[in-house]
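One letter stands for each residue in the lines below.
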Amino acid sequence: SDLTQAPGEPGRLYVVEQVGRIRVVEKGRLRPAPLLDVSRVITAGGEQGLLGLAFAPDYARSGRFFVNYSDAAGATVIARYRAAKGKVVSGSRRQLLRVPQPYANHNGGHLAFGPDGKLWVGLGDGGAGGDPENRAQDPGTLLGKLFRLDVTKASPTPEVVGLGLRNPWRYSFDRKTGDLWIGDVGQGAIEEIDVLRRGTTGLVNFGWDVYEGSRTFESKALGPGRLIQPVAEYSHAEGCSVTGGYVFRGVGVPRLAGRYVFGDYCSGTIWSMPATGGSPRVEPVEVEGLTSFGEGLKGELYAVSGETGTIFRFAR
């Protein structure tokens, strides 16, 4: 369900399997032993499971990496592990955060290190449909929030950056500008792309469930924070569940240079748009069951099909 590379390991891809394993692809071949297997202690299926992986920026030295998964009770857990010589160090696990989930869907699940060196976490609104308990606009819960963790601390306190997320399914930092791009899954009509520009100060609000995309969803007062409207959106005539991607900063694919690439899980359509602003265009490729994009150490761009288990790399 996700794919990434680890600092200092250009020859390996790490693939996250929702069932609870992190598999290693080395020089195009799948290694038999996973880096991590938590399949016996998690809940997997639907929108639950092992959902996110982020290697610490100093992984080559520290061996630290972080995962986001649904535990046996369905709660979101952020945990840290340490690896050495390609294996998890026994006893290295430490739970940094646990957030109970009232429903089985809208867990978010992604993890990403920002240019500030902190681990950024985006959680969905807790699930069901239409955010029935109004959690996304409630500052008293981490559900529906974007927050960051200072993982240099033993017990980091979440620092909330934004409210009003429905289900952020993949987000990424532009490696050139530091801007944060978010694909937020819609309810029944609109899928949206949001951008948090680097240097933005103060609390922000992405709008859900007062807004779905740029349209009013529920007539009520917006919670705290400055409203950020989507930079792109599409209707359910074109898909049903957005998969956020990356601003392409690699080489070898000139048509994508400086463009944010994203897609839709249901239709398999892939779009790109200028990172500086502008309208999306449809790209001449489709990926069935598009669950995730991935970025390599040199900016290479990958796409993952959860339907077929295939990994694609964008090329000229």
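Computed from a predicted model, the values in this text were never measured in an experiment. Numbers given for residues are sequential positions, taken from 1 along each chain in its written order. Totals for whole chains, interfaces and linings use all residues, but because this is a predicted model, local features are given only for residues with pLDDT of at least 70 and pairs of side-chain atoms are given and counted only at 80 or more. Values shown for side chains rest on all heavy atoms present in the structure; no hydrogens or waters enter the calculation.

> Got a minute to help me understand the environment of Leu196 in this structure?
Structurally, Leu196 can be placed in strand E17 (residues 190-196). Between buried and exposed lies partly exposed: a residue is buried under 20% and exposed over 50% of the maximum accessible area for its type, with that area taken using a 1.4 Å probe on protein chains only. Accessibility expressed as a relative area gives 7% for Leu196, which makes it buried. When checking whether two residues touch, look at their non-hydrogen atoms; a contact exists if any pair is within 4.5 Å. Those residues in contact with Leu196, other than ones at most four positions away along the chain, are Trp120, Leu146, Val161, Asp179, Leu180, Val204 and Ile228. Numbered from the N terminus, helices here are DSSP runs of H or I no shorter than four residues, and strands are runs of E no shorter than two.

> I'm lost on the sheet that holds strand E18 (residues 204-205) in this one. Help?
To summarise the sheet geometry, strands pair through backbone hydrogen bonds and adopt either a parallel or an antiparallel arrangement. Pairing between two strands is assigned when DSSP locates at least 2 bridges connecting them. Strand order in the open sheet formed by six strands is E11-E12-E13-E14-E18-E21, with mixed pairing between adjacent strands. The open sheet has two edge strands with one neighbour each: strand E11 (111-113) and strand E21 (226-227). Pairing between strand E14 (residues 159-163) and E18: two bridges, direction parallel. Residue pairing across strands places Gly162 opposite Val204, the latter belonging to E18.

> I keep staring at the pairing of strand E28 (residues 301-305) and nothing clicks. Help me out?
Note on strand geometry: in a regular strand, side chains alternate between the two faces of the sheet. Of all five residues that make up E28, five are buried, and the element is covered over most of its length. A two-sided burial pattern is seen for E28, the buried positions comprising Leu301, Ala303 and Ser305 on one face and Tyr302 and Val304 on the other. Two successive antiparallel strands, strand E27 (residues 290-295) and E28, enclose a turn made up of five residues, where Gly299 displays a positive phi of approximately 90 degrees. As judged from the three bridges shared by E28 and strand E29 (residues 311-313), these two strands associate in the antiparallel manner. Across the sheet, the residue bridging to Ala303 is Phe312, located in E29. Here E28 hands over to E29 after five residues, with Gly309 in that stretch at a positive phi of 75 degrees.

> Which parts of the structure should I look at to understand the state of the cysteines?
In protein chemistry, a disulfide is the covalent bond that joins the sulfur atoms of two cysteines. Two cysteine sulfur atoms make up a disulfide if the distance between them is within 2.5 Å. Summed over all chains, the structure comprises one disulfide. Each sulfur of the disulfide joining Cys240 and Cys266 lies 1.8 Å from the other. Here Cys240, found in the loop between strand E22 (232-235) and strand E23 (242-247), pairs with Cys266, found in the loop between strand E24 (259-264) and strand E25 (269-274); they are 26 residues apart in sequence, far enough to count as distant. Exposure remark for Cys240: the relative accessible area of 32% places this residue in the partly exposed category. A relative accessible area of 42% means that Cys266 is categorised as partly exposed.

> Just to check I follow, could you spell out the packing of aromatic side chains for this structure?
The geometry of an aromatic ring pair is captured by two quantities: the separation of the ring centres and the angle between the planes. Stacked, tilted and edge-to-face are the three classes applied to pairs of Phe, Tyr and Trp rings, where Trp contributes its six-membered ring and a pair requires centres within 6.5 Å; stacked means planes under 30 degrees apart, edge-to-face means over 60, and tilted covers the rest. Taken as a whole and assessed by the stated rule, the structure comprises 12 aromatic pairs. Here the aromatic rings of Phe55 and Tyr59 are separated by 4.7 Å at their centres, their planes lie at 70 degrees, and the arrangement is edge-to-face. Here Phe55 and Tyr59 have matching classes, each one buried. On the basis of an interplanar angle of 20 degrees and a centroid distance of 4.4 Å, the ring pair of Trp181 and Tyr260 is categorised as stacked. Of this pair, Trp181 sits in strand E16 (residues 180-184) while Tyr260 sits in strand E24; the two residues are 79 residues apart in sequence, bridging distant segments of the chain. Comparing Trp181 with Tyr260 shows no difference in burial state: the two are buried. The structure contains a cluster of three or more aromatic residues connected by ring pairs, namely Tyr14, Phe55, Tyr59, Phe65 and Tyr81. For a lysine, the NZ atom is tested; for an arginine, the CZ atom; a charge sits over a ring if that atom is within 6 Å of the ring centre and within 35 degrees of the ring normal. Over the ring of Trp169 we find Arg170; its NZ or CZ atom is 4.0 Å from the centre of that ring.

> Where do I start with the sheet that holds E17 in this structure?
Reading across the sheet, the four strands line up as E15-E16-E17-E22 and stay open at both edges, with antiparallel pairing between neighbours. Edge positions in the sheet fall to strand E15 (168-173) and E22, since each of these pairs with one other strand and no more. The mean inter-strand angle of the sheet, taken between neighbouring strand axes irrespective of direction, is 10 degrees. As paired strands, E16 and E17 are joined by five bridges and run antiparallel to one another. Counterpart to Asp184 in the pairing with E17 is Glu192. Geometry is summarised by axes, namely lines fitted to C-alpha atoms with helices restricted to the contacting stretch, and by angles between N-to-C directions that run from 0 to 180 degrees.

> Help me understand unusual backbone geometry, please; the structure alone is not making it clear to me.
Excluding glycine, residues mostly have negative phi values, and the peptide bonds linking residues are mostly trans. Cis geometry marks the peptide bond from Trp208 to Asp209, where omega comes out at 5 degrees. Along the chain, Asp209 falls in the loop between E18 and strand E19 (211-212). Residue Lys85 is not a glycine yet carries a positive backbone phi of 55 degrees. Structurally, Lys85 is set in the loop between strand E8 (76-84) and strand E9 (87-88). With relative accessibility at 88%, the residue Lys85 sits in the exposed group. In the Ramachandran plot, Asn134 falls in the positive-phi region, its phi being about 55 degrees despite a non-glycine side chain. As for its position among the elements, Asn134 is in the loop between strand E12 (119-122) and strand E13 (146-149).

Honestly, that's just the spatial picture; any functional story needs more than this.
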